[in-house]
Amino acid sequence: MIPKKTKKMASGPTELWDLRLYVAGQTARAIAAFANLQKICEEYLPGQYRIEVIDLLKSPQLAKGDQILAVPTLVRKLPEPMRKILGDLSNTERVLIGLDLRPRT
């Protein structure tokens, strides 16, 4: 089961990573994407992130705001600029590069 919101913020002045994960129901792919994202955040952004899961089966109108065309899609709202990553987020290296947590080689 994917929770609607996950907050892991440290006390003190740290940069908040505001992440939205768009899914379409509780599919195996959606659950894997959430688990992979949570694992990456715990390892690379401990105490600095907030994950909001948006189920487009329940709120399809929310897809328009971030121009979501496929699911699962991860959207990094903060820090700017906004970034998008498609898929189940199983390729950790690709996710780290996509989020700008690791430079492209």
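Shown above is the structure to which this text applies.
Residues numbered from 1 in each chain as written. Predicted model: local features only at pLDDT ≥ 70, side-chain atom pairs only at ≥ 80, totals over all residues. Heavy atoms only, no water.

Enquirer: Help me understand unusual backbone geometry, please; the structure alone is not making it clear to me.
Expert: With the exception of glycine, most residues fall at negative phi, and the peptide bonds are largely trans. For the bond from Leu-78 to Pro-79, the omega torsion is -5°, close enough to zero to count as cis. Tracing the backbone through its elements, the reader meets Pro-79 in the loop between strand E4 (73-78) and strand E5 (83-86). In the segment running from Glu-80 into Pro-81, the intervening peptide bond is cis, with an omega of 5°. Along the chain, the position of Pro-81 falls in the loop between E4 and E5. Positive phi, close to 55°, is recorded for Gln-67, a residue that is not glycine. With respect to the helices and strands, Gln-67 occurs in the loop between helix H2 (62-65) and E4. A positive phi angle, close to 65°, is found at Asp-100, a residue other than glycine. By the secondary structure assignment, Asp-100 is in the segment after helix H3 (92-98). The class of Asp-100 is partly exposed, set by a relative accessible area of 42%. (Helix = DSSP H or I, 4+ residues; strand = E, 2+ residues; numbered from the N terminus. Buried < 20%, exposed > 50% of the residue type's maximum accessible area, 1.4 Å probe, protein only.)

Enquirer: Even after reading the chapter, I still don't get the pattern of salt bridges, so can you show me in this structure?
Expert: Pairing between side chains becomes possible if they bear opposite charge and their charged atoms approach one another. A full pass over the atoms with the stated rule returns six salt bridges. Connected through salt bridges with shared partners, the residues Arg-20, Glu-52, Asp-66 and Lys-77 form a single ionic network. (Salt bridge = Lys/Arg side-chain N within 4 Å of Asp/Glu carboxyl O.)

Enquirer: Would you take a moment to explain the environment of Arg-50 for this structure?
Expert: Following the sequence through the fold, Arg-50 ends up in strand E3 (residues 48-55). For Arg-50, a relative accessible area of 19% puts it in the buried group. Considering only alpha carbons, one finds Arg-50 and Leu-19, 31 residues apart in sequence, at a separation of 6.0 Å. At 2.8 Å, the side chain of Arg-50 and the side chain of Asp-18 are in polar contact. (Polar contact = N/O pair within 3.5 Å; in protein donor to acceptor, adjacent residues only side chain to side chain.)

Enquirer: What am I meant to see in the environment of Gly-98 here?
Expert: Position of Gly-98 among the secondary structure elements: in helix H3. Separated by 14 residues in the primary sequence, Gly-98 and Lys-84 have C-alpha atoms spaced 7.4 Å apart. If sequence neighbours within four positions are ignored, Gly-98 has contacts with Arg-83 and Ile-85. (Contact = heavy atoms within 4.5 Å.)

Enquirer: Just to check I follow, could you spell out the pairing of strand E2 (residues 17-23) for this structure?
Expert: Looking along a regular strand, one sees side chains alternate from face to face of the sheet. Among the seven residues of E2, six are classified as buried, and the element is accordingly described as predominantly covered. Regarding the hand of the β-α-β motif, the stretch spanning E2, helix H1 (residues 28-44) and E3 is right-handed. Bridge analysis of E2 against E4 gives five bridges, and the strand direction is antiparallel. Bridging from a neighbouring strand, Arg-20 pairs with Val-75 of E4. (Right-handed = clockwise from strand over helix to strand, strands pointing away. Pairing = 2+ DSSP bridges.)

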